[in-house]
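Here's the letter readout for the chains.
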Amino acid sequence: MNQTTLASFRRQRAKEVCNRHSVDLLIASVAENVEYLSGFFPLGVAGLYSAEAYVVFEPSEGKVAVITSAADVPTLIELNFTGTVFPVGGFCFNYTDGEAMSGSVHTQLEKRYASVTDALEAAICSMNLKNARIAMDEHRMPVSTWRKLECAFPGFEFVTASSLFLEIRRIKHPEEIALLKKSANITEASFLRLLPLIKEGVSETDLYWHFTEGIVKEGAAPYFCSITMDKRSAFVDTYPQPFSKVKDGSVIRFDFGCIYKGFRSDIARMVVVGENKKAERYYAGVLAGEDAAIRALRPGISVGEIFDIAVNTVKETIPQFERHHCGHGIGMASYDFPSVCAGNPAPIEKDMTLCIETPYYELGWGGVMVEDTVHVTDQGAEFLTETSRELIHLEV
């Protein structure tokens, strides 16, 4: 499906959620949410703590305004952004007479704003609302900006919007599902290329750099890779270390992903070098838990029920097994709605995409883990990951 169809789907999702929560204006600040509503990913926000960029979305008429640095205007024109741009700051361009892009940028930058807050105020005023309820994405909006807007619009109600964006993004368009699958498959391909390199004396750091190289060669960007061995395999989301090296009986836990065209992957695979009976037994338990949870996925079942199925199944093999969650949504963010945790009453819905995981971490010994990405259909769940989930055995 083309980008216009995807853009329409996203704005319709935003409109439905805004209407459900009686929101008259929605303001995005997190880079992924800005891109979701506009098609524009603000690199400055992704790379600089002090940078701000916003999208103001008016759901009743579908109006969209982007507030960002004047430096971003050529990119917005190149993207064929059809909303209104409120450029901020004094960034300087030189212009070539008669060149189309040059002329368009020059025209767009005839009106600039001294500050992000000035531009936001102008964008809100352009929507012609009175006493509106405005939901603002609080995660990348400084408190000072929030307070200035409250002072500028004393008759308006301001509420937080991060939970609304999670609700908006929880249902995926077919194009988004395809990109999630591609992201997962790139991670898997990079992992498979590591297997011949796993020899005695190879370190976690060696494997990390080879994995990262493989991701880049596939046209994706690395963002998360935790490769840990033996006792360190019980460490969660930690850095690889050069002193941790493969030996006979090693347990190696791979928890990793990449970003492909804005969509993230997050999967886990396990390798045993030589023989390790405890790892083999425990891995069978966590795999059974993941498998039971995935088989139970269907529209209508609650997220809490999926959690209970996963945990209770693992406990049949590992009685001491405990977890705070057994998965999460995934999309433009690695942790999307919902969190697969105890007592969560949220229903599983068609076209959700989820990572299901059942890790076991035993400090002083090690850890075992399996994690896969699935798409919820009318009939149940289909795997977006393609590689075998079985424990991989390698010889020393």
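See above for the structure.
Bear in mind that the values here come from a model prediction, so they are computed numbers and not experimental data.

**Q** Would you mind showing me how to read the nonpolar core here?
**A** When a protein is soluble and globular, its nonpolar side chains tend to lie buried together. Within the largest apolar cluster, 59 residues are counted, with the highest numbers of intra-cluster contacts made by Leu26, Leu37, Ile198, Leu207, Ile252, Phe254 and Val271. In this structure, Val251, Val272, Leu287 and Ile356 belong to the second largest nonpolar core, which totals 36 residues.

**Q** Explain the pairing of strand β13 (residues 353-357) to me, please; I cannot follow it from the model alone.
**A** Successive side chains on a regular strand alternate, one facing one side of the sheet and the next facing the other. With respect to burial, β13 is a largely interior element, five of its five residues being buried. What you see with β13 is no split at all: Thr353, Cys355 and Glu357 on one side and Leu354 and Ile356 on the other are buried throughout. For strand β11 (residues 327-329) and β13, the ladder comprises three bridges, and the chain directions are antiparallel. Residue pairing in the sheet places Gly329 in a bridge with Leu354 of β13. With five bridges joining them, β13 and strand β16 (residues 371-376) adopt antiparallel strand pairing. In the sheet register, Leu354 faces β16, and the bridge partner there is Val374.

**Q** It is not clear to me how the packing of aromatic side chains should be interpreted in this structure. Could you clarify?
**A** Counting across every chain of the model gives 11 aromatic pairs. Ring centres of Phe191 and Phe256 lie 5.6 Å apart, and the angle between their planes is 65°; this geometry places the pair in the edge-to-face category. Of the two residues, Phe191 sits in helix α9 (residues 174-192) while Phe256 sits in strand β8 (residues 251-260), which places them 65 residues apart along the sequence. Ring geometry for Phe254 versus Phe256: centroids 5.8 Å apart, planes at 40°, classification tilted. Exposure remark for Phe254: the relative accessible area of 0% places this residue in the buried category. Members of the aromatic cluster, each reached through a chain of ring pairs, are Phe191, Phe211, Phe254 and Phe256. Here Arg264 stacks its cationic end above the ring of Tyr223, 4.7 Å away from the centre of that ring. When the ring centre of Trp365 is taken as origin, the NZ or CZ atom of Lys278, which lies over that ring, is 4.6 Å away.

**Q** Would you take a moment to explain helix α7 (residues 143-152) for this structure?
**A** Residue pairs three or four apart in sequence face the same way in an α-helix, which turns once every 3.6 residues. Restricting attention to buried positions, one finds in α7 the residues Thr145, Trp146 and Leu149. Down the axis of α7, the smallest arc covering the buried residues is 100°, so these residues share one side. Structural note: α7 exposes Val143, Arg147 and Cys151 on the side pointing more than 90 degrees away from its buried face. The inward-facing, buried residues of α7 contact β2 (54-58), α6 (116-126), β5 (133-136) and β6 (157-160).

Thresholds, definitions, all that
- Residues numbered from 1 in each chain as written.
- Predicted model: local features only at pLDDT ≥ 70, side-chain atom pairs only at ≥ 80, totals over all residues.
- Heavy atoms only, no water.
- Core = buried A, V, L, I, M, F, W, Y, C linked by side-chain atoms within 4.5 Å.
- Buried < 20%, exposed > 50% of the residue type's maximum accessible area, 1.4 Å probe, protein only.
- Helix = DSSP H or I, 4+ residues; strand = E, 2+ residues; numbered from the N terminus.
- Pairing = 2+ DSSP bridges.
- Phe/Tyr/Trp six-rings, centres within 6.5 Å; stacked < 30°, edge-to-face > 60°.
- Lys NZ or Arg CZ within 6 Å of the ring centre and 35° of its normal.
- Arc of directions from axis to C-beta.
- Contact = heavy atoms within 4.5 Å.

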